Amino acid sequence: MKRLVGHLLAAVFIILIFPVSFVAAIPVIREVNLDGNSVSQLSKLELNVDLSASYTNPFDPDEVDLWADFKAPDGESVRVNGFYCQDYARPSPDCSDDLLTPTGAAQWKVRFAAPVAGDWSAVVSVTDRAGTVRSRPIYFHVVPSPNPGFIHVSRHNRQVLAFSDETPAFLIGRNMASGRGGCEIYEQQFAQLHANGGNWARVWMAPWMAGLEWTPRTDEEAKRSSSERTLPGYQRLGSYNMLAAWQLDRVLDAAQRNGIYVMLTLDQARNLDETVAWKFNPYNMANGGPCATPKDFWSSAVARKLVKQRLRYICARYGWRTNIQSWELWNEALPPKDWVEDMTSYIEGASGNVPADPYHHIVTTSYCDTDVSELPGIDMTQDHDYPGSDVHDCSALFAATARANQAYGKPFLIGEFGIDAGVGDEAYDDYNQAINMHNGLWSTTTSGCAGTAMMWFWRDWMYPQLRAISRFVDGVPWTTGTWHSIEATPLATDASVEPRTAEMIVPRPHWGKAALDDYNVEPGLAGDSMALPQFLLGPAKPAMHTEPLLHVDYPKAGTFTLRVDAVSDCCLLRIIVDGHVANRTTFDPRPGAVSSAGPHYASNKRYSATLYQAEFDADVTVPVPSGRHTIGLALDTGDWLKVASYTLSGYRPANLADATIQGVTNGDVALVWVRSTAYDWFHPYRRLPLPQVPAVTATLKGLLPGRYSVCRYDTQTGIVAQRMELESHGTEGLRISLPSFDTDIGLRIERIEEGRLKQ
């Protein structure tokens, strides 16, 4: 008995000395302040919550969880998470972001954008380890507004974007990712973008600008220039930099004032790169994180939980904004399928869970594999393309990539592009003509993308290119009908078809699995629109193994020639015509090896104990009978084979112009782009003259029978240069005559119904 009394007294003593540890007080909501009793539909309603709770980390919902349940006029309810924040101010107008100072005390807030007008109510709840409390209902009125709402995937055309009422949202813009120089610089950039017809920008959350998590900077980093150092204010993993979060609010405010929709990039591959930023990454075990290597980041349960916590904060603080076009999970990382599935399910609230983002913004990621692109949680697919200076024009690559991505049944975007990933286009553009950018914009607009290709390296003299394309697409009914590539005959100067010349196709540099498996090689279209693969991948790379099949139609017997540039490992190439092997050629890069293709002309390169690479510059030719045939290419052994060119003898009619034509149509409207094959960045860079393309004709098929308004646009200004009315005769198509040109032409074609344009 004495022992029992002693234990009880000891317990009472512990409770008296350490009351918080064992008898925590239930949380208290002291007050909820509403910033006005009336708010416009889809604009920010902010609740300021004065609360008392027990926690050490206000960003961890396992310690303290704040949310509000909003009840709509029809009785439906939506839960919105709250967040902890601190405001900042500039001591002077020219103050660096590094020197921003906190203003007032930190606060708890809930932000909400009401989707419909009417009388609403909200109940705020707080949970900590001691329990949950709820506020009394708060009432407010929502008045109608012209805000078009959030951007989503169109219900009527799954490959384009639209607002809530299905008004098209075709994206025109540029990358503003790096954010060097602080948040104030965005105001000027967004204003310029808006003034030139742009409506979209890509913004990164990064350690130097708007990134929530990173390691605290060292004294050495603090002494660096503002363009190199990370922000002050970073703490431990899972605790967020309030200065960075405030910066992002200012950036998004500036975007909203200028009508700019933002793809918000949440993380970058460089942060997982052991040679770049992994040593500073807070997820690194060396910095107290849960991951010994970057690879562990994808599988660690602790890391995943912390990423979800960060996603929750981002959605809670910024998700109300209708001008956030999408969440981009990663820039140029390759997250595994299960990781992406886990995160998208968390954001969207799969399996009946509460969504972190109740507004259901579009979710995307760049550089994703097929299994990731096919996930239902990925709403839009992307690619980033820097073909390199060996490629003089990007348009064929972009058109082929767009066609390949249509298989996913989702909107597709070229999120970044340029001539070379290492330098800006100005390195190849002495006259500031922006031809590479120009061709990227027009190619993606007329190949079924959800927006224009987005330039990475930016210069202000590029802005007029956006203005021109903005005028060209203004009012296009993207959400009406099903859009598809238009069928166009090659641009011809007359009716003659003889004599014929060789059709040479230079492949578009693209490492990896080919975008397509089948290619219809049409005379006059092949050179720039086919984008045949540059690399054939062999058994050594099973995930990327490629066996392209070319469909050809020879007017008379001819030949097919494959020029091999280089090989890696000993490759056995087969060329198959109509299912029968027409040629087997061995390419052996090992020193002293004898190849059936002949000797290689460049020195061997040894990449491992057994792997060699060498250049060959060798032709492999097979005969092809007249008529329709299939030509298959396959590597039975080896790593990869690089193709320099494909040549079909006697294939191209002499009357075909050196110009390409591509376009999209929904049957009533068509957007068509015609380009001289010489109109590329390389010609002015090398001081080469642009040859004149003679007057040509083309027939467009896929338009419904009827009368059409055809507007020929000046692609540099976006101004209509000529208007005409033409008749489409169903299967015969719409025949168009074009004047002589040396650059390119844009055509906007719209059906006239009962004396007016059909929209």
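Report follows, based on the coordinates. In this text the structure is predicted, and so the values were computed from the model without any measurement.

**Digging into the sheet that holds strand β14 (residues 200-204)**
The strand order β13-β14-β15-β16-β17 describes an open sheet built from five strands, whose pairing is parallel. A strand with exactly one partner marks an edge of an open sheet, and here the two such strands are β13 (173-175) and β17 (362-364). Strand-to-strand twist in this sheet, taken as the mean axis angle between neighbours without regard to direction, amounts to 20°. Two elements, β13 and β14, share three bridges in a ladder whose sense is parallel.

**Topic: helix α8 (residues 337-348)**
Compared with the 16 Å implied by 1.5 Å per residue over twelve residues, the 16 Å span of α8 between its first and last C-alpha is a close match. Listed in full, the buried residues belonging to α8 are W339, V340, M343, T344 and I347. The buried side chains of α8 occupy one side of the element, clustering within an arc of 120° when seen end-on. Looking at the buried side of α8, the elements it contacts are α6 (296-299), α7 (301-318), β16 (324-328), β17 and α9 (370-373). Immediately downstream of α8, the backbone of G349 shows phi near 75°, a positive value.

**Thoughts on the environment of D253**
Here D253 lies in helix α5 (residues 242-257). Separated by 235 residues in sequence, D253 and A488 have C-alpha atoms that sit 45 Å apart. Among the polar contacts listed, one links the side chain of D253 to the side chain of R250, at a separation of 3.0 Å. At 2.8 Å, the side chain of D253 and the side chain of R321 are in polar contact.

**A look at empty space enclosed by the protein**
For the structure shown, the criterion picks out nine cavities of 30 Å³ or more. In this structure, the largest cavity encloses a volume near 160 Å³. Surrounding the largest cavity, 18 residues form its lining, E213, W214, D267, N271 and R310 being those nearest its centre. When grouped by side-chain class, the residues that make up the lining of the largest cavity number eleven nonpolar, four polar and three charged.

**A closer look at unusual backbone geometry**
Phi is positive for D617, which is not a glycine, with a value near 55°. Take D617: it is sitting in strand β30 (residues 612-624). Of note in the backbone geometry, R687 takes a positive phi value of approximately 60° without being a glycine. Mapped onto the elements of the fold, R687 is located in the loop between α14 (682-685) and β35 (696-701).

**Comments concerning the side chain of Q86**
Structurally, Q86 can be placed in strand β6 (residues 83-89). On the basis of relative accessibility, which here comes to 11%, the residue Q86 falls in the buried class. Within polar-contact distance, the side chain of Q86 engages the backbone oxygen of G104 at 3.1 Å. Excluding its chain neighbours within four sequence positions, the residues that come into contact with Q86 are P102, T103, G104, A105, A106, M242 and W246.

**Re the pairing of strand β10 (residues 138-143)**
The alternating pattern of β10 places I138, F140 and V142 on a buried face, while none of Y139, H141 and V143, on the opposite face, is buried. Of the pairings in the sheet, the one linking strand β2 (residues 38-40) to β10 comprises three bridges and is parallel in character. Each residue of the ladder has a partner; that of S40, found in β10, is V143. Sheet analysis places strand β8 (residues 118-128) next to β10, joined by five bridges and oriented antiparallel. Pairing of S121 across the sheet is with Y139, part of β10.

**Concerning the packing of aromatic side chains**
Counted according to the given criterion, the structure contains 38 aromatic pairs. Taken together, a centroid distance of 5.2 Å and an interplanar angle of 25° make the contact between F150 and Y359 stacked. Remark: Y359 occurs in the loop between α8 and β17 and F150 occurs in the loop between β10 and β11 (152-153); sequence separation between them is 209 residues. Side by side, F150 and Y359 carry an identical accessibility label, which is buried. Aromatic rings pair up to connect Y55, F59, F83, Y84, W108, Y240 and Y313 into one cluster.

**As for the layout of surface pockets**
Space inside the largest pocket adds up to approximately 1200 Å³. Lining the largest pocket are 34 residues, with C368, D369, H510, W511 and K513 sitting closest to its centre. Mapped onto the lining of the largest pocket, the elements with two or more residues apiece are α9, β18 (381-385) and α10 (395-405). Considering each element in turn, the lining of the largest pocket owes the most residues, five residues, to β18.

Definitions and cut-offs
- Residues numbered from 1 in each chain as written.
- Predicted model: local features only at pLDDT ≥ 70, side-chain atom pairs only at ≥ 80, totals over all residues.
- Heavy atoms only, no water.
- Pairing = 2+ DSSP bridges.
- Helix = DSSP H or I, 4+ residues; strand = E, 2+ residues; numbered from the N terminus.
- Axes fitted to C-alpha atoms, helices over the stretch in contact; angles between N-to-C directions.
- Expected span 1.5 Å × (residues − 1).
- Buried < 20%, exposed > 50% of the residue type's maximum accessible area, 1.4 Å probe, protein only.
- Arc of directions from axis to C-beta.
- Contact = heavy atoms within 4.5 Å.
- Polar contact = N/O pair within 3.5 Å; in protein donor to acceptor, adjacent residues only side chain to side chain.
- 1 Å grid on protein atoms, 1.4 Å probe; cavity = no way out; pocket = protein on both sides within 12 Å on 5 of 7 lines; lining within 4 Å.
- Points joined across faces, edges and corners; volume = space filled by probe spheres on them.
- Nonpolar A, V, L, I, M, F, W, Y, C, P; charged D, E, K, R; others polar.
- Phe/Tyr/Trp six-rings, centres within 6.5 Å; stacked < 30°, edge-to-face > 60°.

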